[in-house]
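# Structural description and commentary
Residues per chain, in single letters:
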Amino acid sequence: MLLVSLKVNKKIIRMVVGAGLLLLVAVAIGIFRPHRQELAVNLSGDGAVMKNYTAQTAAERLAFIAQFGWEVEEEPVEIEEVLIPAQFDAVYDSYNTMQRAQGLDLTRYQGKMVKRFAYQVLNYPGTADEVRLNLLIAENKVVGGDVCSMALDGFMHGFKYEG
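Residues numbered from 1 in each chain as written. Predicted model: local features only at pLDDT ≥ 70, side-chain atom pairs only at ≥ 80, totals over all residues. Heavy atoms only, no water.

A count of helical and extended segments in the protein chain gives three helices and five strands. Going residue by residue from the N terminus, the α and β elements of the protein chain occur as α-α-β-α-β-β-β-β. The buried share of the protein chain, reckoned over its 163 residues, is 31%. Look at the contacts in the protein chain between residues 6 or more apart in sequence, and 56% of them connect residues 24 or more apart. Taken as a whole, the protein chain presents about 11,000 Å² of accessible surface, with 57% of it coming from carbon and sulfur. (Helix = DSSP H or I, 4+ residues; strand = E, 2+ residues; numbered from the N terminus. Buried < 20%, exposed > 50% of the residue type's maximum accessible area, 1.4 Å probe, protein only. Contact = heavy atoms within 4.5 Å. Areas by Shrake-Rupley, 256 points an atom, 1.4 Å probe, with all protein chains shown as cover.)

The next thing to look at is the confidence of the model for the protein chain. Per-chain confidence: the protein chain averages 80 in pLDDT, with 67% of residues scoring 70 or above. This stretch, residues 31-51, has a pLDDT under 50; its non-local contacts, to residues over four places away or in other chains, come to 27 contacts. (pLDDT = per-residue confidence, 0-100.)

With that settled, the discussion passes to the side chain of N96. Secondary-structure assignment places N96 in helix α3 (residues 90-101). Residue contacts for N96: discarding those within four places in its chain leaves F88, D105, L106 and T107.

A regular strand places its side chains so that they alternate between the two faces of the sheet. The buried fraction of strand β4 (residues 141-149) amounts to nine of the nine residues, a majority that puts the element mostly inside the structure. Pairing analysis gives eight bridges linking strand β3 (residues 131-138) to β4, with the strands arranged antiparallel. Note that in β4 the partner of L133 across the bridge is V147. Once β3 ends, the chain turns through two residues before running back antiparallel as β4, passing E139 with a positive phi of about 50°. Pairing between β4 and strand β5 (residues 156-157): two bridges, direction antiparallel. Note that in β5 the partner of C148 across the bridge is M156. Between the antiparallel neighbours β4 and β5 lie six residues. (Pairing = 2+ DSSP bridges.)

What follows is the structure, encoded as structure tokens:
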């Protein structure tokens, strides 16, 4: 009878188990991570699903805006970096509720900088006040935004006209 004795090194076992767990996490992320086309959301509210909300170029930003029927000046009125707060207060909770209603969510960007492009809306019905459409851009895609009046007692809503 032949006996074989192996000495097990606990350090090696921990490394092998740790590597296995990392591999499982990597596979899970790869499986559950949505692909670009699966990120389609219905922002227009008319049943049509928007498949592309990339906003790397001016043309892509203007195409995004046009799908909601808005006519805007081609050049933004403002472009600025905006910090999404790490902790939302009541105002940001309310704003993010509006974002989620239009298929977006800012919680992923808490504590991060995004770029805000503000465009002057030329065809907003029923008001003489200046109206702007704000796009929040991160990773070259629209991650949030709104349409708002610049009047003190103005309004704010999602991209779709609620009139």
